Every structure is written in structure tokens, then in C-alpha cells.
Amino acid sequence: MSLPEPTNLFGLGARVALVTGGGTGIGLAIARALAGAGAAVVIAGRRKEVLASACDGLIAEGARAAFVQADVSDRASLKGVAAHAAEPFGPIGIVVHAAGMNRRQTAEAVDDAAWDEQVETMLAAPFFLTRALIQPMIQAGWGRVILIASLQSARAMPDSIPYGAAKGGTLQLVRAMAERWSCHGISVNAIAPGFFPTALTAPVFADAARTEDLAARTAMGRLGALEDLYGAAIFLASRASDYVTGQTLYVDGGFTAK
């Protein structure tokens, strides 16, 4: 035996990753992390101009990057998304389901369309898009599927019932997909971020008193920076996590521990 080499454990130089919701926020941060570890990245989202700008930024930083315009809440389109995502660099071996939304409506204000859009985007799409991508992973005997869970996977917060329902379901979806596909060398895990500065959390970060309170309730005494997600993303996408599947990793500064 020889000592393990970090480059072999954590390097992604031969991999191709698809990141939904990759134009902004957590999705873009994870795309940047995977690209930094050597993966070619394809980012997907609904807004072409946002994707193009994010892709240009990744390329300027030295990444191999491309984008696919897609609305993952449109279930009928997901087979096409999978096919288009493989065109720039080859078969997808890593998929990160970071597309998300939180309409922040009271229970009384949630209508059918709002419920369906949120649950379809954050719970149905990770399953159906993964299924559309899975055969090349099975043939290769290797794959990585990473979902984005939430603090609301474990606790309720105001005005977020559809979001919380989808994120609660994420934990079981991870376990169920791991049970089905891990025998083929495909791991399925989730990252559950704490409070990070994104478009979804803008109302929180705009309230100084609230952010101070949340930081005080976090074991590390601060809220997250997007760079705090890099290590977890690379770990779950790489050989370093070969024997980890069906798990949810909370990257929350100890918020759920305190």
C-alpha cells in the first residue's frame, strides 16, 4: 500500500458535471468548486442571460464550462435537458440539483400553481432528471448525484410550507435513490446549507437584527459564505466519498447543533 494522494482522492479532472440552478447562488458556487477541482461543468437554468454571464465568468477563471437553458419544473423537458447537457463535454458523471425557489407565502396564500412549481422543481426534478442521466453512469460503474437540502429539511420556518415540504422530502429521496442505484457505483447524497447570501435568503440578509440573531444561534457565531460550500461539494463529487451514500451533510456552521 502507499499513502493516499489528495489529488487522486479529490481531483475531478476526468469528470463532467451538470449543475442545475448553476447561474447564481449556491449552484454557481458549487459549479465553481467542481471546476476548480478539474471537472468540466455544464450549468443549467431558466434565464439565458444569467447563465451566459456565469459561464463567461467561469471560463475567465480557467474553467471548462458551458450552459444549457432549461426549466427543470417542466418534467416533459428533462430527457432533452439530459441529452443537451452531454453535448459540450460528453456523458454527465456528476449531477448537482441546486435549482430552487421559495415563494414565501402564508399557508392561506399558497395556490395549486405555487405548490406545484416548488415541489416539481425541488423534489420531482431531482428524481426525473437523475433517471434521465443514469444509464451512462451505470455503464461507467461510477456516478455522483448531489441534492441540495435545507435547514427546513429538519425544522419548520414561517411562510414556507411548499418549500419545507419539498426539502423534507429531499432527505428521503436521497435515501431511496441511493438504495436503488448505489449498487452500480453511484452515490446519492445531499448538502443541507445553513444561511448563505443568495437570492432566496435576500430578505433575511437585508434585516441586520435578524442576521445578528441567526449568527448568535449558530455555533460558529457567523452565517455562511458561499466559499464554505466548496469542500463539501468536492468531497461528495469525488473518490473521497466512495463509501458515502444516502446521507445529508449539514453545512450550517453548527446551527442545527446548537
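See above for the structure.
From a predicted model like this one, the values you see are computed outputs, not experimental measurements.

A. How the structure looks around the layout of surface pockets. Of the pockets and cavities examined, the largest pocket occupies roughly 990 Å³. For the largest pocket, the lining is made up of 48 residues, of which Ala-98, Ala-99, Gly-100, Met-101 and Leu-200 are closest to its centre. If one sorts the elements of the lining of the largest pocket by residue count, helix 2 (residues 25-36) sits on top with three residues. Taken as a whole, the second largest pocket holds about 160 Å³ of empty space. Considering the residues around the second largest pocket, the lining is formed by 13 residues, among which Gly-224, Asp-228, Val-251, Asp-252 and Gly-253 are closest to the centre.

B. Structural detail: the sheet that holds strand 1 (residues 16-20). Read across the sheet, seven strands follow the order 3-2-1-4-5-6-7 without closing on themselves; strand pairing throughout is parallel. The open sheet is flanked by strand 3 (65-69) and strand 7 (248-251), the only strands paired with a single partner. Neighbouring strand axes in the sheet, compared pairwise and without regard to direction, differ in orientation by 20 degrees on average. Inspection of the sheet shows strand 1 paired to strand 4 (residues 94-97) by four bridges, in the parallel sense. The residue bridging Val-19 from the neighbouring strand is Val-96, located in strand 4.

C. Layout of the side chain of Asn-189. Examined against the element boundaries, Asn-189 turns out to sit in strand 6 (residues 186-193). On the accessibility criterion, Asn-189 (2% relative accessible area) is buried. Polar side-chain contacts of Asn-189 include one of 2.9 Å to the backbone oxygen of Val-244.

D. Quick peek at the packing of helix 4 (residues 78-85) against helix 5 (residues 112-140). Between helix 4 and helix 5, the least distance of the axes is 9 Å, while the angle of their chain directions is 50 degrees. Classed by the angle they form, the pair helix 4 and helix 5 counts as oblique. The chirality of how helix 4 crosses helix 5 is right-handed. Taking contact as the criterion, the partners of Leu-78, Lys-79, Val-81 and Ala-82 in helix 4 are, on helix 5, Ala-125, Phe-128, Leu-129, Ala-132 and Leu-133.

E. Structural context of unusual backbone geometry. Even without being glycine, Arg-104 reaches a positive phi, approximately 50 degrees. By the element assignment, Arg-104 lies in the loop between strand 4 and helix 5. When its relative accessible area of 34% is taken as the criterion, Arg-104 is described as partly exposed. Despite not being glycine, Asp-159 shows a phi value in the positive range, around 55 degrees. Along the chain, Asp-159 turns up in the loop between strand 5 (143-148) and helix 6 (161-181).

F. Up close: the nonpolar core. Core analysis: the largest hydrophobic core is formed by 35 residues, its most contacted members being Ile-30, Leu-34, Leu-58, Ile-94, Val-96 and Ile-191. Going through the elements one at a time, strand 1, helix 2, strand 2 (40-45), helix 3 (48-60), strand 4, strand 5 and helix 9 (230-237) are the ones with two or more residues in this core. If one sorts the elements of this core by residue count, helix 2 sits on top with seven residues. Apart from the residues lying within four places of it in its own chain, the contact partners of Leu-58 are Leu-28, Ala-31, Arg-32, Val-41, Ile-43, Ala-63 and Ala-65.

Rules and cut-offs
Sequence order sets the numbering: in each chain, residues are counted from 1 along the sequence as written. Restriction of local features to residues with pLDDT of at least 70 applies here, the model being predicted, together with a cutoff of 80 or more for giving and counting side-chain atom pairs; totals for whole chains, interfaces and linings are based on all residues. By convention in this description, side-chain values take in all heavy atoms of the structure and omit both hydrogens and water. The definitions used throughout rest on a 1 Å grid laid over the protein atoms alone, on which a cavity is an enclosed set of points accommodating a 1.4 Å probe that cannot get out and a pocket is an open set flanked by protein within 12 Å on both sides along at least five of seven lines; lining residues are those having an atom within 4 Å of a point. Grid points are joined across faces, edges and corners, and a volume is the space filled by probe spheres set on the points. In this text, helices come from DSSP runs of H or I with a minimum length of four residues, and strands from runs of E with a minimum of two, each type numbered from the N-terminal end. In this description, strands pair whenever DSSP reports at least two bridges between them. Axes here mean lines fitted to C-alpha atoms, for a helix over just the part in contact, with angles spanning 0 to 180 degrees between N-to-C directions. Buried, partly exposed and exposed residues are distinguished by accessible area as a fraction of the type maximum, computed with a 1.4 Å probe on protein chains only: under 20%, between the cut-offs, and over 50%, respectively. Think of a polar contact as two N or O atoms within 3.5 Å of one another; within protein, one of them needs to be a possible hydrogen donor and the other a possible acceptor, and neighboring residues in sequence only count if both atoms come from side chains. These descriptions rest on fixed angle ranges, namely under 35 degrees for roughly parallel, over 145 for roughly antiparallel, 65 to 115 for roughly perpendicular, and the rest for oblique. Each crossing is labelled by how the near helix is turned from the far one, with a counterclockwise turn of less than a right angle marking it left-handed and a clockwise turn marking it right-handed. It only takes one pair of heavy atoms within 4.5 Å for two residues to be counted as in contact. Each nonpolar core is a collection of buried residues, namely Ala, Val, Leu, Ile, Met, Phe, Trp, Tyr and Cys, held together in the definition by side-chain atoms within 4.5 Å.

In short, the description is geometric, and any link to function would need to be established separately.
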